[in-house]
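Topology and contacts: notes
The chain contents come next:
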Amino acid sequence: MKNIAILCSGGDVSGMNPALKHFVEYSLQNGLTPYFVYDGFEGLIDNKIYKAAHQHVAGIINRGGTIIGSARSKRFMEREFREIAKNNLDALRINMLLVLGGDGSFRGMELFYKEHGIRFCGIPSTIDNDINGTQYCLGVDTALNVIKDSIDNIRDTAASFSRAFVIETMGRNCGYLALVSALCSGAELCLIPEIEYDLKEYEESFKEQIRSGRKYFIAVVSEGIKEESSEIAKWFEQKIGLESRVTILGHTQRGGNPTIYDRLMAYKFVTHAIDGLLDDKNESVICYSKKGFEYKSIDEVANKKYELDSELLGYLKRF
Ligand code: F6P
């Protein structure tokens, strides 16, 4: 069989469309017939599987999101629905699948492979950058650039109005987005779920900075910390004596024109994923680290907890 399909699962990221474009082009170059599965594993169950060609991917490389849709599927975690999905793939003689998603999606694929032998390669894709075994997940660079633009804009008004701004990033339980953004945007405070904090420890220094002429503060906090961002703003007002505002960046971080880095990584991830499948790597995830691209077992990637880069954590401790 020479048929291969791709689907997007979980939170969409900018970089998925460039990946879809290269998937179609590289499959065709390799003599494979490419298929799109619409709406993630839900579409696999509901048979939304269609042949893809050059015309479907023309003009999408600069667009965020994914033209084939994404979803979080509870049904796919149940055996009976995986059976239906398998029958849908069989009917089209598809036996290779690329999955753009996170560790939850890969765990679903592991079951699918064990039960039905569908060969697959996962491509880590989440703005949270919280997948074990890979230092980079597709979409992270675009999200960081969106956050950087927002913080730069907020700085303009914070400086003009002498206020403290608490800027909340996404990331679920991972502080990567907040930490890198804080380092690259010159924030005065960064709070992430991985590191315990006590706001009292900052009080004296922040008041001293105000006495020495500081007019505004930028705090970047991750959505997974123990307090609401409004509580941090209240602390700035009550303990530091600065008028404060909260900006929750929310889903703005998931959209936007994919950066050059994400376009390039999409190209590389897809190339390695298809090469791996053609080379009989059947149930792996293509991971990226300083050593380059490597295929890792689903167990290593999906069943072990991600830990934030120790070098980055070291910088935060010196904040
Ligand atoms: O996992 C990606 C992510 O954007 C997280 O950072 C965030 O917590 C979550 O998804 C938001 O999910 P939803 O789009 O379902 O609100």
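Residues numbered from 1 in each chain as written. Predicted model: local features only at pLDDT ≥ 70, side-chain atom pairs only at ≥ 80, totals over all residues. Heavy atoms only, no water.

Let's shift gears to the overall build of the protein. Broken down by element type, the protein carries 12 helices and 11 strands. Within the span of the protein, comprising 319 residues, buried residues form 55% of the whole. Sequence-distant contacts, at least 24 apart, represent 75% of the contacts inside the protein between residues at least 6 apart. Averaged over its 39 positive side-chain charges, the protein has a centre that lies 2 Å from the centre of its 44 negative ones. (Helix = DSSP H or I, 4+ residues; strand = E, 2+ residues; numbered from the N terminus. Buried < 20%, exposed > 50% of the residue type's maximum accessible area, 1.4 Å probe, protein only. Contact = heavy atoms within 4.5 Å. Lys, Arg positive; Asp, Glu negative; His and termini not counted. Charge placed at Lys NZ, Arg CZ, Asp CG, Glu CD.)

The local shell around the ligand consists of Arg72, Thr126, Ile127, Asp128, Met170, Gly171, Arg172, Glu223, His251 and Arg254. Between the ligand and the protein, one listed contact pairs an oxygen atom with a side-chain N or O atom of Glu223 at 2.5 Å. In the complex, 75% of the free accessible area of the ligand, which totals 400 Å², lies under the protein chains. Taking a 2 Å distance to the grid points as the criterion, the majority of the atoms of the ligand fall inside the largest pocket. Each residue belonging to the shell around the ligand can be placed in one class, and the counts come to two nonpolar, three polar and five charged. When we break the shell around the ligand down by domain, the ones giving at least three residues each are domain 1 (3-139 + 258-305) and domain 2 (141-254). (Near = heavy atom within 4 Å. Polar contact = N/O pair within 3.5 Å; in protein donor to acceptor, adjacent residues only side chain to side chain. Areas by Shrake-Rupley, 256 points an atom, 1.4 Å probe, with all protein chains shown as cover. 1 Å grid on protein atoms, 1.4 Å probe; cavity = no way out; pocket = protein on both sides within 12 Å on 5 of 7 lines; lining within 4 Å. Sits in = over half its atoms within 2 Å of the grid points. Nonpolar A, V, L, I, M, F, W, Y, C, P; charged D, E, K, R; others polar. Domains from an automatic or database assignment.)

To continue, consider the sheet that holds strand E9 (residues 244-248). One open sheet holds the four strands; their spatial order is E7-E8-E6-E9, and the pairing between them is parallel. With partners counted over all chains shown, the strands left at the sheet margins are strand E7 (189-191) and E9, one partner each. Here the strands of the sheet are splayed against their neighbours by 15 degrees on average, with no regard to which way each runs. Judged from the three bridges that link them, E7 and strand E8 (residues 217-222) form a sheet pairing that is parallel. Looking at E8, one finds that Leu189 is bridged to Ala219. (Pairing = 2+ DSSP bridges. Axes fitted to C-alpha atoms, helices over the stretch in contact; angles between N-to-C directions.)

Another point: the layout of surface pockets. Approximately 870 Å³ is the volume found for the largest pocket. Considering the residues around the largest pocket, the lining is formed by 40 residues, among which Asp103, Gly104, Asp128, Asp130 and Arg172 are closest to the centre. Take the lining of the largest pocket: its biggest share by element is five residues, from helix H5 (residues 103-116). A breakdown of the residues in the lining of the largest pocket according to their chemical character gives 12 nonpolar, 14 polar and 14 charged. Each of two domains, domain 1 (3-139 + 258-305) and domain 2 (141-254), supplies a minimum of three residues to the lining of the largest pocket. Considering only enclosed or pocket space, the second largest pocket measures out at about 430 Å³ in volume. Class assignment of the residues belonging to the lining of the second largest pocket gives a composition of six nonpolar, six polar and four charged. (Points joined across faces, edges and corners; volume = space filled by probe spheres on them.)

To continue, consider the environment of Asp280. Inspection of the secondary structure assignment puts Asp280 in the loop between helix H10 (260-278) and strand E10 (283-289). Taking the C-alpha atoms as reference points, Asp280 and Phe120, separated by 160 residues in sequence, lie 9.9 Å from one another.

To continue, consider the packing of helix H4 (residues 79-91) against H5. In the contact formed by H4 and H5, the axes pass within 11 Å of each other and the chain directions differ by 70 degrees. One element, H4, and the other, H5, form an angle in the roughly perpendicular class. In the crossing of H4 with H5, the sense of the turn from one axis to the other is right-handed. Along the contact surface, H4 presents Arg79, Arg82, Glu83, Ala85, Lys86 and Leu89, while H5 presents Gly108, Leu111, Phe112, Glu115 and His116. Residue composition of the contact of H4 with H5, grouped by class: four nonpolar, two polar and five charged. (Parallel < 35°, antiparallel > 145°, perpendicular 65-115°, else oblique. Left-handed = near helix turned anticlockwise from the far one by under 90°.)

Spatially, seven strands are ordered E3-E2-E1-E4-E5-E10-E11 in an open sheet, and the strand pairing comes out mixed. Of all the strands in the sheet, just strand E3 (49-51) and strand E11 (292-297) have a single pairing partner and so form its edges. Pairwise comparison of adjacent strand axes, ignoring direction, gives a mean angle of 25 degrees for this sheet. Packed on one face of the sheet, helix H1 (residues 16-29) meets strand E1 (3-8), strand E2 (33-37) and strand E4 (94-101) and runs near 155 degrees to E2. Across the sheet, H10 lies against E1, E4, strand E5 (119-124), E10 and E11, angled at about 160 degrees from E5, the strand it touches most.

Any link to function would need more than the numbers given here.
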